[in-house]
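Read off the chains here:
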Amino acid sequence: MTTPEEHESARVLGSLRAEDGRGVVRLEDRVRAAPDDVWSALTSRDRLAVWLGEVDGDLREGGELRARFVATGWEGVVRVRECRPGERLVVETSTPDQPDGRFEISLDVEGECTHLIVEDHGVPLDQVAAYAAGDQVHVEDLVSHLGGGERCDARARFEVLHPLYQRLGLLG
């Protein structure tokens, strides 16, 4: 029998699928925060620095910025392709040592919560479980920030999540 803490630590937010020869990670969570607060945490440079990492540049549709994510160590360029405040954010990422990617983030109101959907497109199929675990660490850090908490121990959390995503496998 698992304890509530063990069950929560094993909570997988995502599903994995293949699309045009690349992987897609889809994460979903219900966040106890208003969409405007979630949007602010996703687009305010000061708030991003608290839960995600350093971001410097133009945070508007058509804008480009440099970023460094604390939990995963990712560094690169982010281009904002779509920005509908409180609803949808689409960014493309590029870095010299990894494939280009695209993140689609959608927010929907569900009562007193916000339904958060994050899709990471363009993931190498042989690394999809690792990307999923890293993406979930970022989402959990966002949710923690929205609840007044801190970032997690990313390495320890990745070690819990990675084998779960490996067992999950690809859909379709």
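The structure this text deals with has already been given above.
Residues numbered from 1 in each chain as written. Predicted model: local features only at pLDDT ≥ 70, side-chain atom pairs only at ≥ 80, totals over all residues. Heavy atoms only, no water.

Q: Teacher, can you tell me more about the pairing of strand E1 (residues 14–19) here?
A: A regular strand carries its side chains on alternate faces of the sheet. Here E1 runs beside strand E2 (residues 22–31); their pairing, made up of six bridges, is antiparallel. In the strand pairing of E2, Arg-17 is matched with Val-24. Joining the antiparallel neighbours E1 and E2 is a turn of two residues, in which Asp-20 adopts a positive phi near 55°. (Pairing = 2+ DSSP bridges. Helix = DSSP H or I, 4+ residues; strand = E, 2+ residues; numbered from the N terminus.)

Q: For this particular structure, what's the right way to read the side chain of Ser-94?
A: Following the sequence through the fold, Ser-94 ends up in strand E6 (residues 88–95). In terms of polar contacts, Ser-94 uses its side chain to reach the side chain of Arg-79, at 3.1 Å. If we ignore the near neighbours within four places in the chain, the residues touching Ser-94 are Trp-74, Gly-76, Val-77, Arg-79 and Asp-100. (Polar contact = N/O pair within 3.5 Å; in protein donor to acceptor, adjacent residues only side chain to side chain. Contact = heavy atoms within 4.5 Å.)

Q: Just to check I follow, could you spell out the pattern of salt bridges for this structure?
A: Within the structure shown, the criterion is met by 17 salt bridges. With a closest N to O distance of 3.0 Å, Glu-28 and Arg-26 form a salt bridge. Since its relative accessible area comes to 24%, Arg-26 is described here as partly exposed. Via salt bridges that share partners, Glu-82, Arg-84, Glu-87, Arg-88, Arg-102 and Glu-104 belong to a single interconnected network. (Salt bridge = Lys/Arg side-chain N within 4 Å of Asp/Glu carboxyl O. Buried < 20%, exposed > 50% of the residue type's maximum accessible area, 1.4 Å probe, protein only.)

Q: Teacher, can you tell me more about the packing of aromatic side chains here?
A: To describe a pair of aromatic rings, you give the distance between the ring centres and the angle between the ring planes. Scanning all chains against the criterion turns up one aromatic pair. When the ring of Phe-69 is compared with that of Trp-74, the centres are 4.9 Å apart and the planes differ by 35°; the resulting orientation is tilted. By relative accessible area, Phe-69 is classed as buried at 13%. The class for Trp-74 is buried, based on a relative accessible area of 11%. (Phe/Tyr/Trp six-rings, centres within 6.5 Å; stacked < 30°, edge-to-face > 60°.)

Shape descriptors only; they carry no functional weight alone.
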